[in-house]
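The lines below spell out each chain.
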Amino acid sequence: MTAPVHPAPAVPPASPPGSFGAFVAAARHAGRLVVQPRMGMSDPRAMRAGLAATRAADATTVGTVTLDSYTRVGDQTAARRALADGVPLNGYPLVTYDTAVTRSVLHGIQDHDFPVQVRHGSAAPQSIVAALLRAGLDATEGGPVSYCLPYGRTPLTESVENWARSCALLARARDHGAEPHMETFGGCMMGQLCPPGLLVALSVLEALFFAQHGLRSVSLSYAQQTDPGQDEEALHALRRLAEELLPGLDWHIVVYTYMGVYPRTPGGARLLLEDSARLAVRTGAARLIVKTAAEAHRIPTVAENVAALEAAARAAEAERDRTLPPAKGPTAGPAATGPAPTPVADTGIHAEASALVQAVLELSPDLGRALPQAFARGYLDVPYCLHPDNAQRSRSYLDTDGRLRWSAVGRMPLGGIVAPARAPRLTSGGLLTALRHVERRSDAAALDPSPAHRPLDDGHRPPARAAHPEEGR
């Protein structure tokens, strides 16, 4: 029995919406960056108002329904109790609400011109996928690794089984005329201090896992990190590997605005958001997940989310006009329409990511077997991740140029590609300093517009740094 909810207006039966992947591809072909908020409210009326405001924003947008923490961990009893007691949740309890309630939230807002994605964070998303399909949705995100290791102690083998079932369930939406879409979260592991080669590899591996379990429309994620030049190179590596390993699939790349400690000043937050939009344009990404000026202090309002969407869209348009030639039509590859990304120097990120991906693929043709084996052997090893199935032998640090580098690679198969630097052991104080690097840099740039503090992505970027001698690249 579900909890009492607000009365839902009568709506027609759910019908398959327009394809999420096709909408993003069409926007990219037209030269527009799709921008998307992080947004989830437990009250259906508030959730509907948030989606309506996102759709009405002066930008090319898609909607987001972010789920609450109880739903993420499968505690529907607690979610029902909170709703019955009138306690607000930190997201939308999709599984707890009756399907008619969610359909009423979406009715008249979600359509071919405004697809909606469900975001959650669960290592066991079967009930979430079933609920979103019943409501007429067919786009979500996550992954067997990225929604397992950082968020709890669910065994990786169990998460892989859960995600295999969930992908198969989502793929069956094609039987009803839909083309379901899944986005990897692998390019955002831990949000910060993970060198980009590993992020790229994890994003590619999760996309391959999705394809192996029947999905034909996917997106590959990458979270903005600490250095614009390094991020550009990583995104080029991600695109190159996707072109090599995902032939015939509908895919695109999605960039996340920085997920670590966020600037505390409104100006610093704005600069970092605009930097991420410019990064997405320069690298040919199709979609951007934004953050707001309120991130360092509280959950943003709908109005603040809309302001962030519109600011990102303006920055993207200005960057496109400044740096890229007009689109001349489709180029090779299913996701390669629109302006071509600008070239960058190669310091070895592609080689690093490729070596990790190939090492995993060589363990077994079945990624459901290969991924747990890779972590058990230390072929994949996420720094500062305390999950029991993570080897915890890798370490990274922030060098004096602000780039993420390895100080230890454990058993990862990176010999001859990465020469870990001799870096001092990272203390708790050093870790906090590294975690606040982007925050401090962005706030300093906002408070002091002199060239020394000018944001690196405003058209005054230095040339991409050549490989450091210690990197052995």
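Residues numbered from 1 in each chain as written. Predicted model: local features only at pLDDT ≥ 70, side-chain atom pairs only at ≥ 80, totals over all residues. Heavy atoms only, no water.

Engineer: I would appreciate a short explanation of the environment of Pro93 in the present structure.
Structural biologist: Along the polypeptide, Pro93 turns up in the loop between α4 (76–84) and α5 (99–106). Note: C-alpha distance between Pro93 and Gly40 (53 residues apart in sequence) is 9.1 Å. Among all residues touching Pro93, those that are not within four sequence positions of it are Ser42, Asp68, Thr71 and Leu83. (Helix = DSSP H or I, 4+ residues; strand = E, 2+ residues; numbered from the N terminus. Contact = heavy atoms within 4.5 Å.)

Engineer: Looking at this structure, how should I read the pattern of salt bridges?
Structural biologist: When their charged atoms lie close together, side chains carrying opposite charge are able to pair. Applying the stated criterion to the full structure yields 16 salt bridges. Between Glu183 and Arg119 there is a salt bridge, with its nearest N and O atoms 3.2 Å apart. Pair noted here: Glu183 is in strand β5 (residues 181–184) and Arg119 is in strand β3 (residues 116–119), with a separation of 64 residues, a long-range link. Arg119 matches Glu183 in its accessibility class, with the two residues each being buried. Between Arg270 and Glu274 there is a salt bridge; the shortest N-O distance is 3.2 Å. (Salt bridge = Lys/Arg side-chain N within 4 Å of Asp/Glu carboxyl O. Buried < 20%, exposed > 50% of the residue type's maximum accessible area, 1.4 Å probe, protein only.)

Engineer: Mind showing me how you'd approach helix α1 (residues 20–29) here?
Structural biologist: Every α-helix winds through 3.6 residues per turn, so residues three or four apart in the chain are directed the same way. Within the span of α1, buried status applies to Phe20, Gly21, Phe23, Val24, Ala27 and Arg28. The buried side chains of α1 occupy one side of the element, clustering within an arc of 160 degrees when seen end-on. Here α1 starts with a cap whose side-chain oxygen sits 3.3 Å from the backbone nitrogen of Gly21, and that cap is Ser19. At the C-terminal side of α1, Gly31 shows a positive phi close to 85 degrees. (Arc of directions from axis to C-beta. Polar contact = N/O pair within 3.5 Å; in protein donor to acceptor, adjacent residues only side chain to side chain.)

Engineer: Hey, could you run me through the packing of aromatic side chains in this one?
Structural biologist: Here the distance between the centres and the angle between the planes together describe a pair of aromatic rings. Taken as a whole and judged by the stated rule, the model has seven aromatic pairs. Ring-pair connections join several aromatic residues into one group, and the members of that group are Tyr147, Tyr151, Trp163, Phe185, Phe209, Phe210 and Tyr256. (Phe/Tyr/Trp six-rings, centres within 6.5 Å; stacked < 30°, edge-to-face > 60°.)

Engineer: Can you walk me through the packing of helix α10 (residues 266–282) against helix α11 (residues 302–323) in this structure?
Structural biologist: Viewed as axis vectors pointing N to C, α10 and α11 meet at an angle of 45 degrees, and their least axial separation amounts to 8 Å. By the angle between their axes, α10 is oblique relative to α11. Handedness of the α10/α11 crossing: right-handed. In this structure, α10 contributes Leu273, Glu274, Ala277, Arg278, Val281 and Arg282 to the contact, and α11 contributes Ala308, Ala311, Ala312, Ala315, Ala316, Glu319 and Arg320. Here the contact of α10 with α11 is composed, by residue class, of eight nonpolar, no polar and five charged. (Axes fitted to C-alpha atoms, helices over the stretch in contact; angles between N-to-C directions. Parallel < 35°, antiparallel > 145°, perpendicular 65-115°, else oblique. Left-handed = near helix turned anticlockwise from the far one by under 90°. Nonpolar A, V, L, I, M, F, W, Y, C, P; charged D, E, K, R; others polar.)

Engineer: Sorry, what's going on with the environment of Ala294 here?
Structural biologist: As for its placement among the helices and strands, Ala294 is situated in the loop between β8 (287–289) and α11. The buried category is assigned to Ala294, whose relative accessible area is 6%. With residues near it in sequence (within four places) discarded, Ala294 still touches Pro300 and Glu304.

Engineer: Sorry if this is basic, but what is going on with the packing of helix α2 (residues 44–56) against α11 here?
Structural biologist: Packed helix pairs are specified by the crossing angle of their axes together with the interaxial distance, meaning the distance between the axes. Interhelical geometry of α2 versus α11 gives an angle of 25 degrees and a closest axis separation of 10 Å. In terms of orientation, α2 and α11 fall into the roughly parallel class. As α2 packs across α11, the resulting crossing turns out to be right-handed. The segment α2 lies against α11, with Gly50, Ala53 and Thr54 engaging Val302, Val306 and Leu309.

Engineer: What is the right way to read the nonpolar core from this model?
Structural biologist: The biggest cluster of nonpolar side chains holds 116 residues, and the ones touching the most others in it are Leu51, Tyr92, Leu149, Phe209, Leu246, Leu380 and Val382. Among the nonpolar cores identified, the runner-up in size contains eight residues, and Phe20, Ala27, Val34 and Ala286 belong to it. (Core = buried A, V, L, I, M, F, W, Y, C linked by side-chain atoms within 4.5 Å.)

Engineer: For this particular structure, what's the right way to read the pairing of strand β7 (residues 250–256)?
Structural biologist: On a regular strand, each side chain points to the face opposite its neighbour's, so the side chains alternate between the two faces of the sheet. Of all seven residues making up β7, six are buried, and the element is well covered by its neighbours. Of the strand pairs in this sheet, strand β6 (residues 217–223) and β7 are connected by seven bridges, and their pairing is parallel. Within β7, the residue paired with Tyr222 across the bridge is Val255. Running through helix α9 (residues 228–245), the crossover from β6 to the neighbouring parallel element β7 is right-handed. (Pairing = 2+ DSSP bridges. Right-handed = clockwise from strand over helix to strand, strands pointing away.)

Engineer: Explain the confidence of the model for the protein here, please?
Structural biologist: When pLDDT is low, close inspection of the predicted coordinates is not appropriate. Of all residues in the protein, 83% attain a pLDDT of 70 or more, and the chain-wide mean is 86. This model gives residues 1–17 a pLDDT under 50, and the stretch forms 34 contacts once residues within four places in sequence are excluded. Here residues 329–337 scores under 50 on pLDDT; set against residues more than four positions off or in separate chains, the count is 18 contacts. (pLDDT = per-residue confidence, 0-100.)

Engineer: Any chance you could explain unusual backbone geometry here in plain terms?
Structural biologist: Leaving glycine aside, a negative phi is the common case for residues, and trans is the common case for peptide bonds. Residues other than glycine seldom take positive phi values, yet Tyr384 does so here, at roughly 65 degrees. Residue position: Tyr384 is located in the loop between α13 (367–377) and β9 (394–398). A positive phi angle is found at Gln392, which is not glycine, with a value near 60 degrees. Mapped onto the fold, Gln392 is located in the loop between α13 and β9.

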